[in-house]
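Chains, contacts and geometry: an overview
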Amino acid sequence: MIFLELFITFLKIGIFTFGGGYSMIALIQDEVVARHGWMTSQEFTDILAVSQMTPGPIGINTATYAGYTAVANAGLPAWQAVAGSLIASLAVVLLPVVLILAVNRVLSRHKDSPAVATMFRCLRVAVVGLIAAAALTLMTADSFGHFGMNLRFVASVVLFGVVFALTIKRKVSPVVLILASGAVGILLYTLFPQA
Amino acid sequence: MMAKYCELFYTFFKIGTFTVGGGYAMIPLMEREVVERHGWLTREEFLDQVALSQAMPGVFAVNMAAVVGHKLRGVGGSVASIAGNIAMPIVFILLLAVAFSHFRDNKVVEGFFLGVRPAVVALIAAPVFTLAKAAKVTWSNCWTPVAAAVLIWLLGVSPVVIVLVAGMAGFVYGKIKKH
């Protein structure tokens, strides 16, 4: 039963996501691509692209689109895929919301506990590694083309470098960067269709 | 009574619809609406909740919506705020998902995604370095994120395990240091 599986999987993803949308990407990727095989790594990368250029929290967008794709890939009709997307997005926020409301009640008393403080500090450090893993896992031939002096691989590496530098150094908006890379892609691969 | 729920829904609807680039991009608009315009939270309360929502699991923007809604109208207020926050994003994604499934084999769409894929990887790689600074990663503790990345990437360890181990280790370390 894919809907129940989706619900449980995204409950798990929600409660173990610390540090925002980008660390959630690592968990969603691990579950929907590696563990359940609901979609290919390439499909997942395209979902990430769309999730970052549409409005809203990246975690919600990715969960919505991944839920839709998982059900659609199982060969079920579109309205059931829509149901899958709603189940995934609701499941992903359910436990964290209950938790933060409960914690808000309790925490005022334990705010200065050193154990709680070091726990969160440790989590923040580990999350950096989680996000790095998500990026490394996506560095495949699906994303970049096959390694070597061919047009697609060279173009991909250049695009990667430029987008990386513009994000770090100039804080250019991801929406602008995605649309610009897409435009470069359209130009390049319609001019050189064999690449 | 009903008016308050509608106001919460509408306010978070605006915040969710007009920010692109994820939850943290919503902070400025959220502050303007929640603190300055409606006065639902003081600036200090708002900053405390930003810190808490960042530290807790889940989707940052949704956590914020839940807390603000709960403060005003209890659980119903939370539901109204969250629904407002995620309504447009979900509709947007579904429209695109349906559209793309029809145009997947179109040459232009294909070219677009071939160009976008390496860019997406770069967009995910970049916050590793900016967040490393914010999380106070130094030479002495950088083995933790490196080990986490290698365990997940090369050995297929679940990120869930990493989160559990890091959280428990930090908690125990804090307990020991206190005594």
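Residues numbered from 1 in each chain as written. Chains lettered and ligands numbered in written order. Predicted model: local features only at pLDDT ≥ 70, side-chain atom pairs only at ≥ 80, totals over all residues. Heavy atoms only, no water.

All names here are of chain A. For the pair helix H8 (residues 151-170) and helix H9 (residues 174-191), interaxial distance at closest approach is 11 Å and the crossing angle is 160 degrees. Taken together, H8 and H9 sit at an angle that is classed as roughly antiparallel. Where H8 crosses over H9, the handedness of that crossing is right-handed. Within the contact between the two elements, H8 uses Leu151, Arg152, Ala155, Ser156, Leu159, Val163, Leu166 and Thr167 and H9 uses Leu177, Ser181, Val184, Leu188 and Tyr189. For the contact of H8 with H9, the residue count by class is nine nonpolar, three polar and one charged. (Axes fitted to C-alpha atoms, helices over the stretch in contact; angles between N-to-C directions. Helix = DSSP H or I, 4+ residues; strand = E, 2+ residues; numbered from the N terminus. Parallel < 35°, antiparallel > 145°, perpendicular 65-115°, else oblique. Left-handed = near helix turned anticlockwise from the far one by under 90°. Contact = heavy atoms within 4.5 Å. Nonpolar A, V, L, I, M, F, W, Y, C, P; charged D, E, K, R; others polar.)

Glancing now at the interface of chain B and chain A. When the parts come together, some accessible area is lost, and that loss is often what is quoted as the size of the interface. Of the residues lining the interface, 87 residues belong to chain B; the matching set on chain A comes to 97 residues. Interface area, chain B with chain A, both sides summed: about 8000 Å², of which 81% is carbon and sulfur. Between the two partners, chain B and chain A, sit nine residue pairs in polar contact (both at pLDDT 80 or more). Contributing elements (two or more residues each) for the side of chain B that touches chain A: helix H1 (2-17), helix H3 (43-55), helix H4 (60-103), helix H5 (107-134), helix H6 (143-153) and helix H7 (159-178) of chain B. Looking at which element gives the most residues to the side of chain B that touches chain A, the answer is H5(B), with 22 residues. By residue class, the composition of the side of chain B that touches chain A is 58 nonpolar, 23 polar and six charged. (Buried area = accessible area lost by both parts, 1.4 Å probe. Polar contact = N/O pair within 3.5 Å; in protein donor to acceptor, adjacent residues only side chain to side chain.)

The next subject is the packing of aromatic side chains. Inspection of the entire model under this criterion finds seven aromatic pairs over all chains. A ring pair is formed by Phe144(A) and Phe160(A), whose centres lie 5.8 Å apart and whose planes are at 55 degrees; its orientation type is tilted. Residue Phe144(A) is found in helix H7 (residues 141-144), and its partner Phe160(A) is found in helix H8; the two are separated by 16 residues along the sequence. Look at Phe144(A) and you get buried, because its relative accessible area is 8%. Exposure remark for Phe160(A): the relative accessible area of 17% places this residue in the buried category. With centroids separated by 5.3 Å and ring planes inclined at 90 degrees, the aromatic side chains of Phe112(B) and Phe113(B) adopt a geometry described as edge-to-face. (Phe/Tyr/Trp six-rings, centres within 6.5 Å; stacked < 30°, edge-to-face > 60°. Buried < 20%, exposed > 50% of the residue type's maximum accessible area, 1.4 Å probe, protein only.)

Our focus in this paragraph is the state of the cysteines. Under the definition given, this model contains zero disulfides over all chains. The thiol sulfur of Cys142(B) is not disulfide-bonded, and the nearest other cysteine sulfur, from Cys122(A), lies at 14 Å. In this structure Cys142(B) comes out as partly exposed when scored by relative accessible area, which is 24%. (Disulfide = S-S within 2.5 Å.)

Residue and element names in this part refer to chain B. Mapped onto the elements of the fold, Leu52 is located in helix H3. The class for Leu52 is buried, based on a relative accessible area of 9%. Sequence separation between Leu52 and Asn63 is eleven residues; the distance between their C-alpha atoms is 9.0 Å.

The next point concerns the environment of Asn63(B). Examined against the element boundaries, Asn63(B) turns out to sit in helix H4. Separated by 18 residues in sequence, Asn63(B) and Ser81(B) place their C-alpha atoms 10.0 Å apart. Those residues in contact with Asn63(B) that sit more than four places away from it in its chain are Pro96(A), Val97(A), Ile100(A), Ser53(B), Met56(B), Pro57(B) and Gly58(B).

What follows concerns the domain arrangement of chain B. Splitting chain B by domain gives domain 1 (2-103), domain 2 (105-136) and domain 3 (138-179). Between domain 1 of chain B and domain 2 of chain B, the C-alpha centre-to-centre distance is 25 Å. (Domains from an automatic or database assignment.)

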